[in-house]
Amino acid sequence: MSLPKTLAEDVARNLVMVARLIDEDPEQAYAYSRIALRLASRVAAVREAAGFAAYATQQYAEALAEFRAAKRMTGSVELWPVMADCERGLGRPEKALAMAGEPEVQKLDKTSQVEMRLVAAGARRDMGQIDAAIVTLQSPELASSSIQPWTARLRYAYADALLEVGREDEAREWFGKALEADKDGSTDASDRLAALDGVEFVDVLDEETDTADGTDAADTPAPEGHDEQDGPEGHDEQDGPVDGSTDR
């Protein structure tokens, strides 16, 4: 509303693309966010979108700077949990943990308070304080039978922490509870349960193709000049900051 109409429309188009692409193509979303930022750096919504795009591409220093700018412009504390998670991403879990104890947390709504709890538990784990992380996650929200948008991730983080200390039976129970609450597939709780139960999934389509060809994929020579060990580095969705689900 503070921009001339034509400029506002250009900025809005770029923000729409950020929202559309941030999950499936974060690098492209980041590129659109930089255009919007160049056009309207004094608009809080633009700074926030740029922050989330940088966060999605693990550029945590840049993300934190943008979130701080948006906070200054609006006076809102709603970005507090993700700001703390950026501190984790920068290798400063102590700072993230300190933020969990700041007065700003009391101003957050329930959803953001749960996010802050996930970040704090993740920071504890970063510091090797796994038992403290488990205690941090033990809360009325965890014990509640009510299903909320954050329930699956909270239960998943708790199960993952339990598994790390060898409490496998409890971990299995909580992965199951996470799966019950995970209506949109935000976690890999089903895979974790299968792994605990020793279940191995086989791609039937690949087997049928191999059978039809009369070859085994393992026996098929790699293309010339290709090292079978080469390829992009694997990325574990549970590593690093949020969570979400993850620890956050």
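Everything below is about the structure printed above this text.
Residues numbered from 1 in each chain as written. Predicted model: local features only at pLDDT ≥ 70, side-chain atom pairs only at ≥ 80, totals over all residues. Heavy atoms only, no water.

### Brief notes about the packing of helix α1 (residues 5-21) against helix α3 (residues 44-56)
Close contact between α1 and α3 brings their axes to 11 Å; oriented N to C, the two are set at 30°. Taken together, the axes of α1 and α3 lie roughly parallel to each other. Note on packing geometry: the crossing formed by α1 with α3 is left-handed. Packed against α1, whose contacting residues are Val-11, Leu-15 and Val-18, the element α3 presents Val-46, Ala-49 and Ala-53 at the interface. For the contact of α1 with α3, the class distribution of residues is six nonpolar, no polar and no charged. (Axes fitted to C-alpha atoms, helices over the stretch in contact; angles between N-to-C directions. Helix = DSSP H or I, 4+ residues; strand = E, 2+ residues; numbered from the N terminus. Parallel < 35°, antiparallel > 145°, perpendicular 65-115°, else oblique. Left-handed = near helix turned anticlockwise from the far one by under 90°. Contact = heavy atoms within 4.5 Å. Nonpolar A, V, L, I, M, F, W, Y, C, P; charged D, E, K, R; others polar.)

### With respect to the side chain of Thr-57
Within the secondary structure, Thr-57 sits in the loop between α3 and α4 (60-74). Here Thr-57 is in contact with Pro-26, Glu-27 and Tyr-30, once residues within four sequence places are set aside.

### Digging into the pattern of salt bridges
Close approach of charged atoms allows side chains of opposite charge to pair. As enumerated under the stated definition, the model contains 17 salt bridges in all. One salt bridge connects Arg-153 with Glu-115, and the closest N-O pair in it is separated by 2.6 Å. With Arg-153 in helix α10 (residues 151-164) and Glu-115 in helix α7 (residues 110-126), this residue pair connects regions lying 38 residues apart in the sequence. Ionic contacts of the salt-bridge type, sharing partners, join the residues Arg-125, Asp-160, Glu-164 and Arg-192 into one network. (Salt bridge = Lys/Arg side-chain N within 4 Å of Asp/Glu carboxyl O.)

### Remarks on a negative patch on the surface
Residues Asp-23, Glu-24, Asp-25 and Glu-27 make up a contiguous surface patch of negative charge. Along the chain, the position of Glu-24 falls in the loop between α1 and α2 (26-39). When its relative accessible area of 66% is taken as the criterion, Glu-24 is described as exposed. (Patch = residues over 30% accessible without salt bridge, like charges linked within 9 Å, V, L, I, M, F, W, Y side chains within 5 Å. Areas by Shrake-Rupley, 256 points an atom, 1.4 Å probe, with all protein chains shown as cover. Lys, Arg positive; Asp, Glu negative; His and termini not counted. Charge placed at Lys NZ, Arg CZ, Asp CG, Glu CD. Buried < 20%, exposed > 50% of the residue type's maximum accessible area, 1.4 Å probe, protein only.)

### Overview of unusual backbone geometry
A positive phi angle, close to 65°, is found at Gln-58, a residue other than glycine. Its location among the elements puts Gln-58 in the loop between α3 and α4. Residue class for Gln-58 comes out partly exposed when judged on its relative accessible area of 47%.

### A closer look at the packing of aromatic side chains
How two aromatic rings sit relative to each other is given by the distance of their centres and the angle of their planes. Across all of its chains, the model carries four aromatic pairs by this definition. When the ring of Tyr-55 is compared with that of Tyr-60, the centres are 5.9 Å apart and the planes differ by 75°; the resulting orientation is edge-to-face. Per residue, the accessibility class of Tyr-55 equals that of Tyr-60, and both read buried. Their ring planes at 90° and their centres at 5.1 Å tell us that Tyr-158 and Trp-174 sit as a pair that is edge-to-face. (Phe/Tyr/Trp six-rings, centres within 6.5 Å; stacked < 30°, edge-to-face > 60°.)

### Some words on α10
Every α-helical turn comprises 3.6 residues, leaving residues that sit three or four positions apart pointing alike. In this model α10 runs 20 Å from its N-terminal to its C-terminal C-alpha over 14 residues, within 8% of the 20 Å that 1.5 Å per residue would give. Most of α10 is tucked away, with twelve of its 14 residues classed as buried. Packing partners of the buried residues in α10 comprise α7, α8 (130-137), α9 (140-143), α11 (168-181) and α12 (189-196). Looking one or two residues beyond α10, the residue adopting positive phi is Gly-166, at roughly 85°. (Expected span 1.5 Å × (residues − 1).)

### Things to note about the environment of Asp-126
In this fold, Asp-126 is placed in helix α7. A C-alpha to C-alpha distance of 8.0 Å links Asp-126 and Arg-88, two positions 38 residues apart in sequence.

Taken by themselves, the reported measurements are silent on function.
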